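This is what each chain is made of:
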Amino acid sequence: MSNAAEQTQVVLNNPMPETPGIAGSSSMELFYRRSHFWGRLTLFVIILMSLVPPLYISFVMDAHPGWGVIGTGLVGYASFIGIMWILEPITYYPTLGVAGTYLAFLTGNIANMCLPCSSAAQKAVGAEPGSEKAEVAGVFGIAVASLTNIIILVIMILGGTYIISVLPPFVESMFSFILPSIFGAVLGQFAYRTPKYGIIALIIGMAVLFAPIFSLIKIPICVALTIAVVLFMEKQKGNLNG
């Protein structure tokens with residue numbers, strides 16, 4: 001056997017040991033790069049597609065309502081929901097992750113669909129919140145939820161009126177409890193490991209809800225107070241430095 005063949009056989013019989021974490025880190029870096037690429041591309045395409053109908057109606061069909069009306073509507077809408085444009089990406093990102101954030105903001109229904117499904121998927125595989133495993137599991141949860149949502153929407157669009165018309169009245173009255181039930185389930189799921197923090201968040205939320213505060217800032221105040229109290233308690237226990 002030649003020297004080259006002998007060296008090849010030695011390498012095959014004694015492969016180099018893998019460095020822990022390198023393969024996973026490299027895979028996640030590729031995952032993040034592709035997530036940013038496709039996430040930005042699809043969101044940009046959706047933004048353009050969203051602008052096509054109003055631009056067509058305004059300038060092709062000559063039905064432009066006037067910039068004054070558009071500006072008034074924008075100011076009115078932004079004054080009510082504008083804070084969420086900043087608050088939602090910050091508050092949802094720790095649970096959704098990079099790819100999950102792109103996918104959730106692309107499909108919508110973040111609070112009442114994407115976030116609960118992401119959390120449920122992470123819990124199903126036993127992933128630690130904020131870990132790489134949790135992020136990947138959350139993406140699958142959001143993807144399946146989005147596909148299910150699309151299928152249901154198609155069915156409802158094609159036959160929704162008929163389906164609702166045949167539902168008993170007591171079933172229709174239950175619709176108003178869907179959103180509170182979802183938020184309660186999410187609170188219970190996140191508070192399961194640390195019930196103390198769940199109770200604190202619930203108390204703060206109720207206090208802010210009934211406080212004489214402008215409704216536009218109630219959500220950010222509730223989030224900020226809860227985070228501040230939890231961080232303070234963790235610091236007192238020595239779990240945080242500084």
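So, here is what we can say about the structure in this document. (Residues numbered from 1 in each chain as written. Predicted model: local features only at pLDDT ≥ 70, side-chain atom pairs only at ≥ 80, totals over all residues. Heavy atoms only, no water.)

1. Re the nonpolar core
Core analysis: the largest hydrophobic core is formed by 10 residues, namely Tyr 92, Leu 96, Ala 104, Ile 110, Ala 111, Met 113, Cys 114, Leu 115, Ile 142 and Ala 145. Contributions of two or more residues to this core are made by α3 (67-107), α4 (110-124) and α5 (132-166). Tallying contributions element by element places α4 first for this core, with 5 residues. Apart from the residues lying within four places of it in its own chain, the contact partners of Tyr 92 are Phe 105, Ile 110, Ala 111 and Leu 115. (Core = buried A, V, L, I, M, F, W, Y, C linked by side-chain atoms within 4.5 Å. Buried < 20%, exposed > 50% of the residue type's maximum accessible area, 1.4 Å probe, protein only. Helix = DSSP H or I, 4+ residues; strand = E, 2+ residues; numbered from the N terminus. Contact = heavy atoms within 4.5 Å.)

2. Points about the environment of Arg 33
Along the chain, Arg 33 turns up in helix α2 (residues 22-60). Take Arg 33: its relative accessible area is 54%, and that puts it in the exposed class. Sequence spacing of Arg 33 and Ala 99 is 66 residues, and the spatial spacing of their C-alpha atoms is 9.8 Å.

3. What to know about the packing of α4 against α5
With their axes 7 Å apart at the nearest point, α4 and α5 run at an angle of 130 degrees to one another. The angle between α4 and α5 places the two elements in the oblique class. The two elements α4 and α5 cross, and the hand of that crossing is right-handed. Touching Met 113, Cys 114, Cys 117, Ser 118, Ala 121 and Gln 122 of α4 are Ala 134, Ala 137, Gly 138, Gly 141, Ile 142, Ala 145, Ser 146 and Asn 149, all from α5. Split by residue class, the contact of α4 with α5 holds 8 nonpolar, 6 polar and no charged. (Axes fitted to C-alpha atoms, helices over the stretch in contact; angles between N-to-C directions. Parallel < 35°, antiparallel > 145°, perpendicular 65-115°, else oblique. Left-handed = near helix turned anticlockwise from the far one by under 90°. Nonpolar A, V, L, I, M, F, W, Y, C, P; charged D, E, K, R; others polar.)

4. Comments concerning the packing of aromatic side chains
The final tally for this structure, using the stated rule, is 2 aromatic pairs. Between Phe 31 and Tyr 32, the aromatic rings sit 5.9 Å apart at their centres with planes inclined by 55 degrees, giving tilted as the arrangement. Phe 31 gets classed as partly exposed once you look at its relative accessible area, which sits at 25%. (Phe/Tyr/Trp six-rings, centres within 6.5 Å; stacked < 30°, edge-to-face > 60°.)

5. Observations regarding the packing of α4 against helix α7 (residues 178-191)
The N-to-C vectors of α4 and α7 enclose an angle of 30 degrees; their axes lie 10 Å apart at closest approach. As judged from the angle between their axes, α4 and α7 are roughly parallel. Like other packed secondary-structure pairs, α4 and α7 cross with a definite hand, here left-handed. Touching Ala 111, Asn 112, Pro 116, Ser 119, Ala 120 and Lys 123 of α4 are Leu 179, Ile 182, Phe 183, Val 186, Gln 189 and Phe 190, all from α7. When the residues that make up the contact of α4 with α7 are grouped by side-chain class, the tally is 8 nonpolar, 3 polar and 1 charged.

6. Considering the side chain of Ser 119
Looking at the element boundaries, Ser 119 is found in helix α4. Classification of Ser 119 by relative accessible area gives buried; the value is 4%. Polar contacts involving the side chain of Ser 119 include one to the main-chain carbonyl oxygen of Leu 115, which spans 3.0 Å. In this view, Ser 119 contacts Thr 95, Gln 189 and Phe 190; residues no more than four positions away in its chain are not counted. (Polar contact = N/O pair within 3.5 Å; in protein donor to acceptor, adjacent residues only side chain to side chain.)

7. Looking at helix α8 (residues 195-210)
At 3.6 residues per turn, the α-helix brings residues three or four places apart onto the same side. The end-to-end C-alpha separation of α8 is 23 Å, in line with the 22 Å expected for 16 residues at 1.5 Å each. Of all the positions in α8, only Tyr 197, Gly 198, Ile 200, Ile 204 and Val 208 are classed as buried. Buried residues of α8 fall within an arc of 160 degrees about the axis and therefore sit on the same side. Facing away from the buried side of α8, by more than 90 degrees, are the exposed residues Ile 199, Ile 203 and Phe 210. Packed against the buried residues of α8 are α7 and α9 (218-236). (Expected span 1.5 Å × (residues − 1). Arc of directions from axis to C-beta.)

8. Focus: the pattern of salt bridges
Under the defined criterion, the tally for this structure stands at 1 salt bridge. When the shortest N-O distance is used, the salt bridge between Lys 237 and Glu 234 registers 3.4 Å. (Salt bridge = Lys/Arg side-chain N within 4 Å of Asp/Glu carboxyl O.)

9. Examining a nonpolar patch on the surface
Taken together, the side chains of Phe 44, Ile 47, Leu 48, Leu 51, Leu 55, Phe 59, Trp 67 and Ile 70 define a hydrophobic patch exposed on the protein surface, amounting to about 860 Å² of accessible area. If you list the elements that add at least two residues to the nonpolar patch, you get α2 and α3. The biggest single contributor to the nonpolar patch is α2, with 6 residues. Position of Leu 48 relative to the elements: it lies in helix α2. Residue class for Leu 48 comes out partly exposed when judged on its relative accessible area of 42%. (Patch = residues over 30% accessible without salt bridge, like charges linked within 9 Å, V, L, I, M, F, W, Y side chains within 5 Å. Areas by Shrake-Rupley, 256 points an atom, 1.4 Å probe, with all protein chains shown as cover.)

10. A word on the side chain of Ser 146
Within the fold, Ser 146 resides in helix α5. Accessibility expressed as a relative area gives 5% for Ser 146, which makes it buried. Polar contacts involving the side chain of Ser 146 include one to the side chain of Thr 107, which spans 3.5 Å. One polar contact links the side chain of Ser 146 to the main-chain carbonyl oxygen of Ile 142, over a distance of 2.8 Å. Not counting chain neighbours up to four residues away, the residues in contact with Ser 146 comprise Thr 107 and Met 113.

That is the geometry; function is a separate question.
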